[in-house]
Amino acid sequence: MPIHTLTEEVSSAIAAGEVVERPASVVKELLENAVDAKARTIEVRVRRGGKGAIEVSDDGEGIPADELTLAVARYSTSKLESVEDLGSIRTLGFRGEALASIGAVSRMEIITRAQGTLAGSRLTVDGGKIGQLEPVGAPPGTVVRVQDLFFNVPARRRFLKSDTTEQAWITRLMSRYAMAYPDKRIGLETDAREGLRTSGSGDRAEVLAAIYGLQIARDMIPLVEPAFGRAGLAINGYISPPSVNRSNRREITLFVNGRWIQDVSLGSAVTQAYHGLIMVGRYPIVALFLELPPGEVDVNVHPAKAEVRLADPNRVFSTVQRAVRASLIGQAPVQTFAVGRPEEARSSSGLAPSLWAERDAHPDRVVQPVSQQPMWVPILRSIGQVGATYLVAEGPDGIYLIDQHAAHERVLFERLMRQVNSREPESQALLESVTVELGPLELQILEEHRSVLTSLGFQIEPFGPQAYRVRAVPAAVSGISPDRALRAVVEDFEENEAPLAQEAEARIAARVCKRAAIKAGQVLSLEEQRELVRDLERCSAPRTCPHGRPTMIHLSVAALERQFGRRG
Ligand code: ADP
Ligand code: MG
């Protein structure tokens with residue numbers, strides 16, 4: 001084929017592909033247009049996962065009749081004029097591509113009436129062909145109807161997933177925007193069934209309840225604004241306590257300047273903040289909303305506008321991480337808080353914040369699950385052991401029952417992670433090196449994670465085609481059998497699991513500690529009990545084991561008094 005310029009039809013279908021990937025992208029663009037048009041109410045109707053039809057109506061500014069034909073043309077926008085404007089974008093749209101792109105790959109109809117005008121107008125675009133503008137009666141605002149998405153792009157249509165899956169994308173997307181814009185009334189109807197609906201009251205907690213249910217919404221922790229005193233970066237939102245978690249990162253939602261973005265680095269700032277508090281391989285529910293001066297955010301990275309470039313990514317990263325961590329630990333002044341320094345965390349605030357106090361007020365609950373209490377523990381006095389499994393200790397505010405295995409796991413885990421962070425892990429050489437035989441998949445997994453093991457303090461090397469030789473183990477878990485330690489690393493690893501380096505370390509450390517920790521049923525001397533309790537007190541997150549399970553339960557004096565009828 002000789003070189004030729006693509007026809008308008010082909011080039012616009014290609015360009016459209018960058019903006020409209022699936023039905024949810026249509027919903028996103030139309031939602032964003034409604035937001036830019038300052039709508040108070042946005043109603044979305046979807047049929048067959050958006051493959052049948054998508055309709056978005058709003059009560060926003062509307063489009064003047066004489067601009068409607070232009071609105072559906074490519075690179076036509078009311079939101080941007082000059083190149084300099086790109087540095088100060090305050091709207092969600094600016095590329096002038098969405099309506100043109102959607103119209104190029106579907107049958108689209110727009111009915112709109114500009115606020116303050118008397119009549120509405122209607123325009124259709126059918127696979128890129130723009131129809132005649134007609135006057136119609138319509139309420140102020142805009143309705144965009146999109147049918148037969150990708151009817152003229154079979155390659156794309158084939159890649160769509162089932163109706164249910166596409167619908168799930170749309171629902172999740174709508175939930176995110178509902179959280180970002182609690183002051184807008186947002187409704188979703190799918191195949192004539194009522195879906196998500198928010199009141200527009202401006203109360204984000206209420207939106208959370210509509211999305212996740214009352215129980216989870218109640219457990220969510222409002223983000224503590226970090227008191228950095230640095231201008232120009234505001235952050236707020238909600239994060240789940242470690243006990244409320246999911247098996248993937250999908251419920252970690254990030255908005256920058258009102259725009260939903262998918263950013264791996266910011267996402268890991270969040271997961272790192274949960275480091276050691278949440279069960280390994282589990283992820284929190286998080287909705288964070290960052291506001292930055294527009295000049296510090298480059299939104300013109302991709303046509304779908306789902307990525308941004310930040311002028312100072314490190315500052316944003318650390319702000320997010322510290323804000324989340326501080327909110328989790330329940331300590332307000334962020335600057336004085338250092339992970340791994342419980343003494344400091346304790347003295348900086350002294351009392352649990354009111355958030356916790358409110359939760360402690362459940363009179364029907366004698367025993368508070370760990371997730372509902374502050375993360376640190378007070379100085380404890382060991383009293384004894386029950387059933388060779390639980391330690392009993394007294395604190396200034398009642399009795400603590402400690403699971404000796406979980407507690408020891410926590411202690412070992414923090415010791416091991418400190419080694420990792422020191423970059424010079426202490427190893428305990430074995431008197432005689434031990435050979436561990438493994439299957440082919442296990443060998444592969446071990447090979448992949450060998451550097452992690454080294455950073456924990458293991459010294460291992462391949463030995464023949466099917467075995468590894470262990471020369472040294474981390475000093476923090478020197479009692480562990482080398483065989484058990486290596487197997488802990490390779491067992492129940494999902495094949496395509498590719499965690500971030502830091503997560504891999506934590507995950508492997510947690511597994512090793514589980515194997516190395518004191519077991520239930522092991523009798524401990526009072527001296528050993530004291531030592532364990534003391535070690536636990538010094539942990540930065542003593543109330544959960546590395547897998548997120550509680551290490552202790554607390555019977556407060558007040559709860560005891562209630563139970564004994566001494567108090568009402
Ligand atoms: P962009 O949003 O990048 O400007 P679009 O193709 O999405 O590009 O929209 C083109 C123009 O049409 C917008 O700039 C805006 O003026 C107008 N428009 C689109 N949707 C709406 C709406 N729901 N209400 C009011 N105006 C709209
Ligand atoms: Mg737009």
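What you see is a predicted model; the values in this text were computed from it and never measured. (Residues numbered from 1 in each chain as written. Chains lettered and ligands numbered in written order. Predicted model: local features only at pLDDT ≥ 70, side-chain atom pairs only at ≥ 80, totals over all residues. Heavy atoms only, no water.)

**Some points on the pattern of salt bridges**
Pairing is possible between side chains that carry opposite charge, provided their charged atoms lie close to one another.
Logical step 1: Evaluated as defined, the whole model comprises 32 salt bridges.
Logical step 2: One salt bridge in this structure joins Glu97 and Arg74, with 3.9 Å as the shortest N-O distance. Remark: Arg74 occurs in the loop between helix H3 (65-71) and helix H4 (98-104) and Glu97 occurs in the loop between H3 and H4; sequence separation between them is 23 residues.
Logical step 3: A salt bridge links Arg530 to Glu527, with the nearest nitrogen and oxygen atoms 3.4 Å apart. (Salt bridge = Lys/Arg side-chain N within 4 Å of Asp/Glu carboxyl O. Helix = DSSP H or I, 4+ residues; strand = E, 2+ residues; numbered from the N terminus.)

**Thoughts on the site of ligand 1**
Logical step 1: Taken together, 18 residues lie around ligand 1, and Asn33, Thr77, Ser78, Lys79 and Gly96 are the ones closest in.
Logical step 2: A distance of 2.9 Å is found between a nitrogen atom of ligand 1 and a side-chain nitrogen or oxygen belonging to Asp58.
Logical step 3: Here Arg95 contributes a backbone N or O atom positioned 3.1 Å from an oxygen atom of ligand 1.
Logical step 4: Surface burial for ligand 1 is 93%, taken as the share of its 530 Å² of free accessible area covered by protein chains.
Logical step 5: By residue class, the composition of the shell around ligand 1 is six nonpolar, eight polar and four charged. (Near = heavy atom within 4 Å. Polar contact = N/O pair within 3.5 Å; in protein donor to acceptor, adjacent residues only side chain to side chain. Areas by Shrake-Rupley, 256 points an atom, 1.4 Å probe, with all protein chains shown as cover. Nonpolar A, V, L, I, M, F, W, Y, C, P; charged D, E, K, R; others polar.)

**Some details on the pairing of strand S21 (residues 390-395)**
Where a strand is regular, its side chains alternate between the two sheet faces.
Logical step 1: Bridge count for strand S20 (residues 381-386) against S21 is five bridges, and the pairing is antiparallel. Paired with Gln385 across the bridge in S21 is Leu391.
Logical step 2: Connecting the antiparallel pair S20 and S21 is a turn made up of three residues, with Gly387 showing a positive phi of about 60°.
Logical step 3: Alignment of S21 against strand S22 (residues 398-403), held across six bridges, turns out to be antiparallel. Its bridge partner being in S22, Leu391 is matched across the sheet by Ile402.
Logical step 4: Counting the residues between successive antiparallel strands, the hairpin from S21 to S22 contains two residues. (Pairing = 2+ DSSP bridges.)

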